Structures are given as structure tokens and as C-alpha cells.
Amino acid sequence: MKKYAAIIFTDYMLDMRARLWIFLLLIFYWLGYMIVIRGIFLTYNYDLTAQLSAYEIFQTMLHGLRMDGSMAGYLLAFSGLLLTISAVIPGRWIHPALTYTNLAVTILSSLVVVIDMELYRHWGFRINNTPFFYMGSGAVGSVSTWVWIKGIAIWIILSAACGWIYIYTIGRYTKVLPPAQQKKSAFVLLAAAGLMFLPIRGSFSVAPMNTGFVYFHKTKVYANHAAINVLWNFLYSIRKSAQSSYPENFFDKQKAEPLFASLYPASDSTARLWSAAKPNIIVIIIESFTADVIEPLGGIKDLCPNFTGLCKEGILFDNFYASGDRTDKGMISVLSGYPAQPQTSIIRYPAKTQRLPHLNKHMHALGYKSSFIYGGDVDFANFRSYLTNGGFDHITDMDDFPGNLNTSKWGVHDHYMFNKALAELDTTRTPFFKVILTLSSHEPFDVPMEPYIQGQDEESLFLNACHYTDKSIGDFIRSCKKQPWWNNTIVIMTADHGHRHPGNKSLYTRERFRIPLLMVGGPIKKDSIIHTVSGQTDIANTLLAQLDKSSPEFLFSKDILGNKVVPFAPFFFTDGYGFVMPDKFIVYDNPGKQFLKKENVDEHDIELSKAYQQILFSDYNKR
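Residues numbered from 1 in each chain as written. Predicted model: local features only at pLDDT ≥ 70, side-chain atom pairs only at ≥ 80, totals over all residues. Heavy atoms only, no water.

Enquirer: Got a sec to walk through the pairing of strand 7 (residues 489–495)? Specific residues and values, please.
Expert: Among the 7 residues of strand 7, 7 are classified as buried, and the element is accordingly described as predominantly covered. Residues Thr489, Val491, Met493 and Ala495 line one face of strand 7 and the alternating positions Ile490, Ile492 and Thr494 line the opposite face, and both faces are buried. Of the pairings in the sheet, the one linking strand 1 (residues 280–286) to strand 7 comprises 7 bridges and is parallel in character. Within strand 7, the residue paired with Asn280 across the bridge is Thr489. Relative to strand 8 (residues 517–521), strand 7 runs antiparallel, the two sharing 5 bridges. (Buried < 20%, exposed > 50% of the residue type's maximum accessible area, 1.4 Å probe, protein only. Helix = DSSP H or I, 4+ residues; strand = E, 2+ residues; numbered from the N terminus. Pairing = 2+ DSSP bridges.)

Enquirer: Go over unusual backbone geometry, please, and point to the residues and values.
Expert: With omega at -5°, the peptide bond leading from Thr430 into Pro431 counts as cis. In this structure, Pro431 sits in the loop between helix 18 (414–426) and strand 6 (432–437). Omega for the bond connecting His501 with Pro502 falls within 30 degrees of zero, at -5°, which places this linkage in the cis form. With respect to the secondary-structure elements, Pro502 resides in the loop between strand 7 and helix 20 (510–513). Non-glycine residue Asn504 carries a positive phi angle of around 50°. Here Asn504 shows up in the loop between strand 7 and helix 20. Its relative accessible area of 26% is what places Asn504 among the partly exposed residues. Its identity as a non-glycine residue notwithstanding, Asp575 has a phi of 70°, on the positive side.

Enquirer: Explain the sheet that holds strand 11 (residues 569–573) to me, and be specific about the residues and the numbers.
Expert: Through backbone hydrogen bonds, the strands of a sheet pair up, either in parallel or in antiparallel fashion. Strand order in the open sheet made by the 4 strands is 11-12-13-14, with antiparallel pairing throughout. The open sheet has two free edges, formed respectively by strand 11 and strand 14 (594–599), since each of these has just one partner strand. The sheet shows a mean angle of 10° between the axes of neighbouring strands, direction not considered. For strand 13 (residues 584–589) and strand 14, the ladder comprises 5 bridges, and the chain directions are antiparallel. Among the inter-strand pairings, Ile586 is bridged to a residue of strand 14, identified as Lys598. (Axes fitted to C-alpha atoms, helices over the stretch in contact; angles between N-to-C directions.)

Enquirer: How would you sum up the packing of helix 3 (residues 54–86) against helix 4 (residues 94–123)? Please name residues and give values.
Expert: Relative orientation of the contacting elements helix 3 and helix 4 amounts to 170°, with a least axis distance of 10 Å. Put simply, helix 3 runs roughly antiparallel to helix 4. Where helix 3 abuts helix 4, its residues Leu75, Phe78, Ser79, Leu82, Leu83 and Ser86 lie against Ile94, Ala97, Leu98, Thr101, Asn102 and Val105. In terms of residue class, the contact of helix 3 with helix 4 is made up of 8 nonpolar, 4 polar and no charged. (Parallel < 35°, antiparallel > 145°, perpendicular 65-115°, else oblique. Contact = heavy atoms within 4.5 Å. Nonpolar A, V, L, I, M, F, W, Y, C, P; charged D, E, K, R; others polar.)

Enquirer: Please give an account of empty space enclosed by the protein that cites residues and values.
Expert: Evaluation of the coordinates by the stated rule reveals 4 cavities of 30 Å³ or more. A volume near 120 Å³ is recorded for the largest cavity. Among the residues making up the lining of the largest cavity, the classes are represented as 7 nonpolar, 4 polar and 3 charged. Lining the second largest cavity are 14 residues, with Phe125, Thr130, Lys329, Arg348 and Thr574 sitting closest to its centre. Looking at the lining of the second largest cavity residue by residue, the class counts come to 4 nonpolar, 6 polar and 4 charged. (1 Å grid on protein atoms, 1.4 Å probe; cavity = no way out; pocket = protein on both sides within 12 Å on 5 of 7 lines; lining within 4 Å. Points joined across faces, edges and corners; volume = space filled by probe spheres on them.)

Enquirer: Got a sec to walk through the pairing of strand 4 (residues 369–374)? Specific residues and values, please.
Expert: Among the 6 residues of strand 4, 5 are classified as buried, and the element is accordingly described as predominantly covered. One ladder, built from 6 bridges, connects strand 4 with strand 6; its direction is parallel. From the neighbouring strand, Lys369 faces strand 6, where its bridge partner is Phe432. Alignment of strand 4 against strand 5 (residues 394–396), held across 3 bridges, turns out to be parallel. Paired with Ser371 across the strands is His394, a residue of strand 5. Regarding the hand of the β-α-β motif, the stretch spanning strand 4, helix 17 (residues 383–389) and strand 5 is right-handed. (Right-handed = clockwise from strand over helix to strand, strands pointing away.)

Enquirer: Give a description of the sheet that holds strand 9 (residues 528–530) that names residues and reports values.
Expert: Pairing within the open sheet is mixed, and its 8 strands lie in the order 5-4-6-1-7-8-2-9. Strands with a single pairing partner mark the edges of an open sheet, and in this sheet they are strand 5 and strand 9. In this sheet, neighbouring strand axes are inclined to one another by 15° on average, regardless of whether the strands run parallel or antiparallel. Sheet topology places strand 2 (residues 315–317) next to strand 9; 3 bridges connect them, and they run parallel. Each residue of the ladder has a partner; that of Ile315, found in strand 9, is Ser528. Relative to strand 6, helix 14 (residues 327–336) is tilted by about 160°, and along the sheet it contacts strand 1, strand 4, strand 6 and strand 7.

Enquirer: Got a sec to walk through the nonpolar core? Specific residues and values, please.
Expert: Residues Phe317, Phe372, Phe383, Leu387, Phe433, Phe476 and Met493 are the most contacted members of the largest nonpolar core, which totals 119 residues. At 9 residues, helix 19 (residues 458–480) tops the list of elements feeding residues into this core. When neighbours within four sequence positions are excluded, Phe476 is seen to be in contact with Ile282, Ile284, Phe418, Ala421, Leu422, Leu425 and Ile436. (Core = buried A, V, L, I, M, F, W, Y, C linked by side-chain atoms within 4.5 Å.)

Enquirer: Account for the pattern of salt bridges, with residues named and values stated.
Expert: Tallied over the full model, the rule gives 22 salt bridges. Among the ionic pairs, Arg623 bridges to Asp619, the shortest N-O distance being 2.8 Å. As far as burial versus exposure is concerned, Arg623 and Asp619 are alike and both buried. (Salt bridge = Lys/Arg side-chain N within 4 Å of Asp/Glu carboxyl O.)

So, in C-alpha cells, the structure goes:
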């Protein structure tokens, strides 16, 4: 009897130890994988990593382990459950089940890693569910061939190397794992899998794992971002994508409302910029036209000579900022006077955008005939639903051009688009309100002209594209000046957002969000420069005030020329905001709940910035 009991106990121990050994190897495999992919991210973004000290890089790896453990815990819990089942259900199925599952996850995870490290160079945040919203032929086509080759090569090498390691360190044991002789070992294995709840949750407190857990640096956001486990962040954002609401307790709402109101005092009068009572209005929203390419704004000399020349005959706003960092956010800021948001883009939700104020509807009420023209796909990023809700009389996009003109990755190049816009204007009744959106200065910057700046690096290509767009604008304005309606027409030019080039600027600098605002036209009284700090959302009420029809419906829009204007401009990036005031600057990081920059500010300034974000949160939730 004792001998029989000893055999049972021995079988039990062998079953349990063999499976626990495999589970332990899986722990090392997945934790090792998480550390390796962070190293790859740091290496790929070497220019940003070079700004960190060796100790800061070590801190990034160390603090990131907490979230690595959480992500690994999810994967290990599933593998542990399979091992538990294998102790109950006999058969050789456990080897292919574990191998195929873990290798498939490795391959898919490596794909996410490769996409993330390239997107971060452009967007400045770790990959979340945002790319799904922008997927399409234009977005995919904007990726250069070299980036494709490089990304696919890294994906294959990473997947193959990890697959080899798995097969020769774990697969060799699962392949010879004998059927369980004692089902009692299942209880131990189930307990081991259940213990993964601890790293998954990440703490014993009421707060579960979140990105704030790995934030450690007070000023260098890249160090904090590098500490984030990209797989955890990606899956978390997908799970949260249906929850499109913001916190109502970021800042005391009773304090927020009067503070916010103090930013928008009612003006008694406004400075008149033009002589016409009801001029035609053309709004040109220029892709990625950062202030750094405009010479009068301190940008590169002679890069955009046409825009520079127009600055000398129009009204230039030289302290003007984009609200967000994407075209869809910029378009809504300009046409609805509504700010970008730190985690969402309101254009994704037609039920919300139909409740936004629309500049076009106000222009309609004043008797304007409206139209919108874009050389790309107007179905991209829900543009069509937003523009339709806005009540535009006519919408022109790439499908309205001859097929042979569709030569850009995104659609029809700017000079063709401007030619069509001019033709449409010649047959439009006055007064007209026309919105023009350009696209050629978007990646991959493949413009149809000889290079102005030599070089195939991304910055040179971007600058060449800006030079081409500037020429297209110059030709368009020169043609407009020959039309009979020019003397009663105002052209408003601004950008949809800034750009990291030139200079590879950080996403959290005011320079990346600084853009031009220029008004030219026959009725302009006098060329001048307006120094008031302002932003895209202010275009709506500034324009309407010139027509004596400013509206409180544009809650986040001020008349820049009003006699009681408060100079300020907020901007929003993923999970944070910037707040610009004269000689003052604030940058706040929401996940880390910390200020990254506080230049010459006091507590009142800080509360103003927080109040603005809270009012935006609450208003967004109600839309």
C-alpha cells in the first residue's frame, strides 16, 4: 500500500514539476520579449533616445517592467489554463496548442511593435486604436517604400528570432510532455495561472494597472512613453474605445465655470479689417503648414516666397496656434470653433458632430452660397458626414477630377485642385463661402516638381512639398486677382496643424503647434501684423464679428480683434494639453498627472488651463 502511494505521489510530482517548469520558461520568454521590444523601440528612435542619459534609459527599462509584467500576465494566464487542462484531459494536444498559440501571439505582437515604433516618430504617442480610424488607401499609400521594407524586415527578423528561441527552449519540453498520470496536479497549475492576477492588476491598491504606473520622469515625456508596454497600451485602448467620455472631476466644476468665462469676456467693439460689408470668403486650410516654413514668422528664408509676399499685403497673425495635431481635428477647430481633444477626435462620432456649431450654417443664414473642395477622399476620417452635417451646398473631392490627375498617394495634387476651385468660383453666385483643403504637403511628400531642396531625407522632402504648395497658392491668388469678384473677396489662410519638421520638434513644444493665420483680399484696409495670442477655434467668431454676427454658440471661440479679448491659445496632444499666454507657457500630462512645463506662471494661470480642459471634457460628454 505504501509502495502504491509512493508511486502515485511520484507521478503527481513529475506531472506537476514538468508543467510548472514549462510555465516558468514561458514567464522568462514573455518577460524577455517585453524587454527586447522596448530595447528595439529605443534603438529605432535613436535620435530621441540620444537625449536621455544612460541612467534615464535604465530607469525606463526598470519602470517599464511593471507594465511588462501585467501584459505578460495576460498571456501567461491563458497558457497556464491550457497546462491545467492538459493535466485533466490526456493527449498530445498540449504541444501544438501551446506552440501555435504563443507563436501566433509573438508574430502579431511583433507587427504591433513595428507599426508603433514608426508611427511614434510622426505622432509622438504609443500606438492605440487611433490608426484604425485613419486606415485607408491614402493612409497606407503615404508610407514610403523604404519604411515598408525596413518595417517588414524588422518584423520578420524579430518574429523568426523569437520563434527560434521558443521552439528550442520551450517547444522541446512541450513536445515530450507525457500525459498526466495524476489529475491532482491541475489544482497547483490552476493556482499558478490564477496568481497572474497579481501582475495583471499591477498593485494591491484600488487603482488597477494604467499608464501612469510607469511614468517616472518629470520633464522628459519620451522617457515615460518608452516605459509604456506598447502591447498593453494597444489592447487597453481597443477595450476602452467604446467609452468616449472624459472625467467630470479633473477640476472642480464650480471653480471651472467662472474661470472659463473670464477667458471669454464680451467685447463692446472690434477692429475692422476690411471695407466691404459682406465680402466673399475663401478659407484655405493648408496641410502641415507650420510657422517654421514661413519667413515672416521666423521660418526658413525664401522657402515659401509666395506666402511671404502675401504677408506684406495682408493681415498676419503671428501668435497663432493649431488646436490639435491631425487634419480632422484642425478642420473642426476652424469650421466649428471646437477644440481638439486629448484622447478622441469628435469627428468619429456623427451623433456628436451634428450637435456642433457650424460656421457654414451661420454663413448660410447671412445669404452665402457655400462649397468645400478637397483633392483627396472626402470619406476619409468621416469628413463627409461632418461636412454634410455642416450643410455645405456642394462638396468636391477626388472623384470629381479626371482619373489621370489622381497621381498623389492621397489623391489630386494641389495645383490641379486649385485650378478646379477657381473654375467653380467663376460659376458661383455671390456672396460665396468656399473652403479649400490642400493635401500635397502630407507624407510621403511626392510633389510634381523639381526639388527645391536637395536631399531624400524626410525633412528635405517635407520642405520641398511646402515649397510646391506655396507655389500652388501663389498661382491661385494671382489668378483670383484677375477675377471681377476679387475686389469684394477675403481669403483666409491657415494650417490644419503644425509639423515636427523642420528640426524634428517634440510633440509637446509650442513651436510644433504654431501655424500662420493670414487674411488677404481686395477689401483689406491695410497690411498689418496682429500679435494677440490666439488659435484655430478663434477664427469662427473673429470672422463673424467682422460681419457683425459673432455668436455665443461658438463657446470656445473669441473675437481676436475684440476690445476686451483675453490673449491665450490652448492646444491638445494625445493625453495632454498645452496652454499659451503672453510670455507664459504650460504643458500638462494627463496620465502622469504632472506639469511638464511651467514657464512664468502662477497658480491662477494653472487653474485657468485646468478649467479650460474640464469645460471641454464636460461639453464633449454632453454632445
